[in-house]
Amino acid sequence: MSNAIDARLAELGLTLPDAPAPAANYVPYVIVGSLVFVSGQISMNADGLITGKVGADLSVEEGAAAAKTCALSLLAQARAACGGDLSRLKRVVKLTGFVNSTPDFTDQPKVVNGASDTLVDILGDAGRHSRSAVSAGALPLGVAVEIEGIFEIA
């Protein structure tokens, strides 16, 4: 599946970042049995952090684009957990998405769809997962989105 995933990433014009290092006293992932619990990945791209509050500073579409970067970082962490061999990745089990948004904002699911859609685009049915999408009054470093994930590996 690793070659298939690499081919699909290339077809989509996507590149996985290096697995981001933790910013505090925690590990980027923990493996328990066949599950990989990936710590929250924050919205960032080659230009740096994607910050702002969805519903004030950012549109739903911009929030979804920020969530997409979180999905790529989650997949990069899963790759690291698999020793660089994504053929060991069986499926995405669950995502929990946090959206830095205004108190009256109610489209958190549309924002987190940016991550969900990306994982399904890359992994097909193995990318389908359960999910929560919640609002946060603030997120670390002022980022727009943070998403954590659970993956199943072989």
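Residues numbered from 1 in each chain as written. Predicted model: local features only at pLDDT ≥ 70, side-chain atom pairs only at ≥ 80, totals over all residues. Heavy atoms only, no water.

What to know about the overall build of the protein
Secondary structure summary: the protein contains three helices and seven strands in total. The secondary structure elements of the protein, listed N-terminal to C-terminal, are α-β-β-β-β-α-β-α-β-β. For a compact globule of 154 residues, the expected C-alpha radius of gyration is about 15 Å, and the protein comes in at 15 Å, within 12% of that figure. In terms of overall dimensions, the protein has C-alpha extents of about 40 × 35 × 30 Å along its principal axes. The contacts of the protein with a sequence gap of at least 6 include a subset with a gap of at least 24, amounting to 81%. Once the 11 positive and 16 negative side-chain charges of the protein are each reduced to a mean point, those two points are 7 Å apart. (Helix = DSSP H or I, 4+ residues; strand = E, 2+ residues; numbered from the N terminus. Rg over C-alpha atoms; globule rule 2.2 N^0.38 Å. Contact = heavy atoms within 4.5 Å. Lys, Arg positive; Asp, Glu negative; His and termini not counted. Charge placed at Lys NZ, Arg CZ, Asp CG, Glu CD.)

So, the layout of surface pockets
Its boundaries defined by the atoms lining it, the largest pocket holds a volume of some 260 Å³. Contributing to the lining of the largest pocket are 16 residues, with Ala21, Ala23, Tyr26, Gly40 and Ile42 lying nearest its centre. Within the residue set of the lining of the largest pocket, elements represented by two or more residues are β2 (35-42) and α2 (60-81). Considering each element in turn, the lining of the largest pocket owes the most residues, four residues, to β2. (1 Å grid on protein atoms, 1.4 Å probe; cavity = no way out; pocket = protein on both sides within 12 Å on 5 of 7 lines; lining within 4 Å. Points joined across faces, edges and corners; volume = space filled by probe spheres on them.)

Thoughts on the nonpolar core
Burial of nonpolar side chains together is a common tendency in soluble globular proteins. Counting residues in hydrophobic clusters, the biggest one holds 39 residues, and the most contacted among them are Leu75, Leu89, Ile122, Leu123, Val145, Ile147 and Phe151. Considering each element in turn, this core owes the most residues, 11 residues, to α2. (Core = buried A, V, L, I, M, F, W, Y, C linked by side-chain atoms within 4.5 Å. Buried < 20%, exposed > 50% of the residue type's maximum accessible area, 1.4 Å probe, protein only.)

Examining the environment of isoleucine 42
You can see isoleucine 42 is positioned in strand β2. With 105 residues separating them along the chain, isoleucine 42 and isoleucine 147 place their C-alpha atoms 6.6 Å apart. Those residues in contact with isoleucine 42, other than ones at most four positions away along the chain, are Leu49, Cys70, Leu141, Val143, Val145 and Glu146.

Examining the state of the cysteines
Taken as a whole, this structure holds zero disulfides when the rule is applied. Cysteine cysteine 70 shares no disulfide, and the gap to the nearest cysteine sulfur, in cysteine 82, comes to 20 Å. The buried category is assigned to cysteine 82, whose relative accessible area is 2%. (Disulfide = S-S within 2.5 Å.)

Some remarks on the sheet that holds β2
With mixed pairing, the five strands of this open sheet are ordered in space as β1-β2-β7-β5-β6. What marks the edges here is a single partner per strand, and that holds for β1 (29-32) and β6 (130-136). On average, each strand axis in the sheet is inclined to that of its neighbour by 15°, with strand direction left out of account. Note: strand β5 (residues 89-100) against β6, seven bridges, orientation parallel. Of the residues in β6, the one forming a bridge with threonine 96 is serine 132. Its contacts with the sheet place α2 against β1, β2, β5 and β7 (145-153), and it is angled at close to 35° to β7. (Pairing = 2+ DSSP bridges. Axes fitted to C-alpha atoms, helices over the stretch in contact; angles between N-to-C directions.)

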